[in-house]
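Each chain is listed here by its residues.
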Amino acid sequence: MLTRRMMIAVGGAGVVAAALPGVAAPPMLAVPSVDRLTLQVVTDSGTFGPFLDTRTLPGLSITYAGNGGGNGPRMLPRALLGEFGLSILGTSERAGVRCNVMVDFGYSAEVLANNLELLGVDPNSIDAAVLSHGHLDHYGGFAGLGAAGRKATKRIPLFVGGEEAFCERIALIGNPPPVMGTLDRRALSQAGFEVRIKPEPQIVAGHAFTSGVIPLTSFERAAIPTQMHPGVGCDRKLIDPVKRDAALVPDDAEHELATCYAVKGLGLVVIASCSHRGVLNSVRRAQAVSGIDKVHAVIGGFHLVKPRTEDEARRTVAEFARIDPTYIIPMHCTGEVFIAEALRLMPQKVVRSYVGSKFVFAA
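Treat the numbers as computed from the prediction; the structure is a model and nothing was measured.

Peer 1: Looking at this structure, I do not really get the packing of helix α7 (residues 279-290) against helix α8 (residues 310-323). What am I missing?
Peer 2: Two measures define how a pair of helices packs: the angle their axes make with one another and the distance between the axes. Close contact between α7 and α8 brings their axes to 10 Å; oriented N to C, the two are set at 20°. In terms of their interaxial angle, α7 and α8 are classed as roughly parallel. The crossing of α7 and α8 is left-handed. When α7 is examined against α8, the residues V279, L280, V283, R284 and Q287 are found in contact with a partner set consisting of T316, E319, F320 and I323.

Peer 1: Looking at this structure, I do not really get the state of the cysteines. What am I missing?
Peer 2: One covalent bond between the sulfur atoms of two cysteine residues makes up a disulfide. Taken as a whole, this structure holds one disulfide when the rule is applied. Note on C99: no disulfide assigned, nearest cysteine sulfur contributed by C260 at a separation of 15 Å. Exposure remark for C99: the relative accessible area of 3% places this residue in the buried category. The class for C260 is buried, based on a relative accessible area of 0%.

Peer 1: Where do I start with the side chain of E220 in this structure?
Peer 2: Looking at the element boundaries, E220 is found in the loop between β13 (208-210) and β14 (226-229). One buried charge, E220, has no salt-bridge partner; the nearest side chain with opposite charge is R308, at 5.4 Å. At 3.0 Å, the side chain of E220 forms a polar contact with the side chain of S218. Apart from the residues lying within four places of it in its own chain, the contact partners of E220 are G278, V279, L280, N281 and T316.

Peer 1: Explanation requested: the pattern of salt bridges in the structure shown.
Peer 2: Two side chains with opposite charge may pair up if their charged atoms get near one another. Inspection of every chain in the model, using the stated rule, returns 17 salt bridges. Residue R221 is joined to E312 by a salt bridge in which the shortest nitrogen-to-oxygen separation is 2.9 Å. Here R221, found in the loop between β13 and β14, pairs with E312, found in helix α8; they are 91 residues apart in sequence, far enough to count as distant. Note on R221: relative accessible area 35%, which makes it partly exposed. Among the salt bridges present, the one from D324 reaches K349, with a minimum N-O distance of 2.7 Å. Placement of D324 in the loop between α8 and β19 (327-331) and of K349 in the loop between α9 (336-345) and β20 (358-361) is noted, with a sequence separation of 25 residues between them.

Peer 1: Which parts of the structure should I look at to understand α7?
Peer 2: Residue pairs three or four apart in sequence face the same way in an α-helix, which turns once every 3.6 residues. Here α7 contains twelve residues, and its C-alpha end-to-end distance of 17 Å stays within 8% of the 16 Å for a straight helix at 1.5 Å per residue. Burial of α7 is extensive: ten of the twelve residues sit out of reach of the surface. Within α7 the residues assigned to the buried category are V279, L280, N281, S282, V283, R285, A286, Q287, V289 and S290. The positive-phi residue at the C-terminal boundary of α7 is G291, with phi of around 75°.

Peer 1: How do you make sense of the packing of α8 against α9 when you look at a structure like this?
Peer 2: Two elements in contact, α8 and α9, have axes separated by 9 Å at closest approach and are oriented at 35°. The handedness of the crossing between α8 and α9 is right-handed. Facing α8, whose interface residues are E310, A313, R314, T316, V317 and F320, α9 presents V337, F338, E341, A342 and L345. Split by residue class, the contact of α8 with α9 holds seven nonpolar, one polar and three charged.

Peer 1: Which parts of the structure should I look at to understand the environment of L145?
Peer 2: Structurally, L145 can be placed in helix α4 (residues 144-147). Each C-alpha atom, one on L145 and one on P123, is 5.9 Å from the other, the two residues being 22 residues apart in sequence. Residues contacting L145, with those up to four places away along its chain left out, are M102, F105, L112, L116, P123, I126, R150 and F193.

Peer 1: Is there a simple way to think about the packing of aromatic side chains in this case?
Peer 2: One pair of aromatic rings is described through two measures. These are the centre distance and the angle between the planes. According to the stated counting rule, one finds eight aromatic pairs in the structure shown. Ring centres of F105 and F193 lie 5.4 Å apart, and the angle between their planes is 65°; on these two criteria the pair is classed as edge-to-face. In this pair, F105 sits in the loop between β6 (97-103) and α2 (109-118) while F193 sits in strand β11 (residues 193-197), placing the two residues 88 residues apart along the sequence. Neither F105 nor F193 differs from the other in exposure class; each is buried.

Peer 1: Got a minute to help me understand α8 in this structure?
Peer 2: The end-to-end C-alpha distance of α8 is 20 Å, a good match for the 20 Å that 14 residues give at a rise of 1.5 Å each. Listing the buried residues of α8 in full gives E312, A313, T316, V317, F320 and I323. End-on view of α8: buried residues confined to an arc of 145°, all on one side of the axis. In this structure, α8 carries D311 and R322 as exposed residues pointing more than 90 degrees from its buried face. Buried residues belonging to α8 abut α7, β18 (295-301), β19 and α9. In the segment just after α8, D324 is the residue with positive phi, at about 60°.

Peer 1: Explain unusual backbone geometry here, please?
Peer 2: For the bond from N175 to P176, the omega torsion is 5°, close enough to zero to count as cis. Looking at the element boundaries, P176 is found in the loop between β9 (168-171) and β10 (179-181). Put simply, K306 and P307 share a cis peptide bond, and its omega is 10°. Along the chain, P307 turns up in the loop between β18 and α8. Even without a glycine there, the phi angle at A95 is positive, about 50°. You can see A95 is positioned in the loop between β5 (87-94) and β6. Residue classification places A95 among the exposed residues on the basis of a relative accessible area of 69%. Backbone geometry at A253 places phi at a positive 55°, although glycine is not the residue there. Using a relative accessible area of 2% as the deciding quantity, one classes A253 as buried.

Rules used in this analysis
Residues numbered from 1 in each chain as written. Predicted model: local features only at pLDDT ≥ 70, side-chain atom pairs only at ≥ 80, totals over all residues. Heavy atoms only, no water. Axes fitted to C-alpha atoms, helices over the stretch in contact; angles between N-to-C directions. Helix = DSSP H or I, 4+ residues; strand = E, 2+ residues; numbered from the N terminus. Parallel < 35°, antiparallel > 145°, perpendicular 65-115°, else oblique. Left-handed = near helix turned anticlockwise from the far one by under 90°. Contact = heavy atoms within 4.5 Å. Disulfide = S-S within 2.5 Å. Buried < 20%, exposed > 50% of the residue type's maximum accessible area, 1.4 Å probe, protein only. Lys, Arg positive; Asp, Glu negative; His and termini not counted. Salt bridge = Lys/Arg side-chain N within 4 Å of Asp/Glu carboxyl O. Polar contact = N/O pair within 3.5 Å; in protein donor to acceptor, adjacent residues only side chain to side chain. Expected span 1.5 Å × (residues − 1). Nonpolar A, V, L, I, M, F, W, Y, C, P; charged D, E, K, R; others polar. Phe/Tyr/Trp six-rings, centres within 6.5 Å; stacked < 30°, edge-to-face > 60°. Arc of directions from axis to C-beta.

Dropping the structure here:
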């Protein structure tokens with residue numbers, strides 16, 4: 001739910017570059033447009049070997065990495081690793097300036113460090129980071145940047161959507177439910193991150209933008225298989241008054257962010273990460289923030305598994321057909337029902353992703 005303060009903060013109008021197609025309404029934020037965007041999958045659960053060919057599609061080229069695929073003439077000394085987590089590196093170019101934004105850090109430091117090294121990513125080149133939400137499979141690997149050689153001399157702004165990202169969570173996946181733990185703010189600082197808690201849409205490093213708080217405007221409900229301990233790991237005074245005095249509350253992911261780019265000549269690329277607030281809601285929010293109607297690609301986890309239903313997954317596909325993005329790139333927690341239905345209804349739009357996949361968006 002948007003507070004009055006949040007609505008005032010995001011209510012200012014801006015002007016989007018005229019080269020962008022499909023400007024539908026006055027934007028909430030004057031978002032930048034980039035000339036070229038590359039999204040590299042650093043961590044995900046899906047892996048594949050060097051047997052998939054490079055693909056060139058309208059406004060998108062794809063290189064699938066594996067033990068040698070797309071990485072030069074020699075096999076890699078070891079395999080890229082997959083795990084139930086998510087990390088994507090966005091590299092964008094704008095007026096000759098290149099910018100690297102890391103979205104989420106995956107589950108474990110070992111996997112993040114391994115994959116960064118094999119993909120040839122210098123962790124010291126990261127200019128900014130966005131944490132989509134406070135779940136272990138998205139923040140747990142951040143220490144892997146240090147293991148991969150990052151020096152903490154340069155402070156990296158890390159955008160999070162709310163204080164709730166730091167609260168302890170209980171995962172509703174067992175009996176008794178296991179403790180997920182907390183995101184360690186001090187460890188983040190020691191690793192060189194400057195935490196910026198921003199529930200309003202924000203420009204990231206002059207190239208990307210965040211969604212800010214994602215309103216529940218579609219049929220989608222907040223569906224998160226966790227509960228939250230207000231005051232454990234987080235500052236209780238900074239939590240919503242409705243929640244702060246409770247010992248344990250259902251998790252509504254109110255702090256969740258999507259990370260977005262406007263690509264010149266193509267439209268929006270939306271990184272939905274986990275979509276606990278709904279992938280359609282995330283896309284609609286990106287459109288409202290930017291004033292850009294045309295969606296070129298939606299990538300990330302769409303969380304169309306429990307506690308959401310198979311019927312909800314199929315309905316989401318039908319609604320996606322109305323939004324009509326050029327490409328849909330399901331990852332992480334999306335679920336096979338959505339993927340199968342999307343392949344049935346709009347096979348030309350679905351692009352499969354694996355660890356190391358590189359997606360280049362350019363007009």
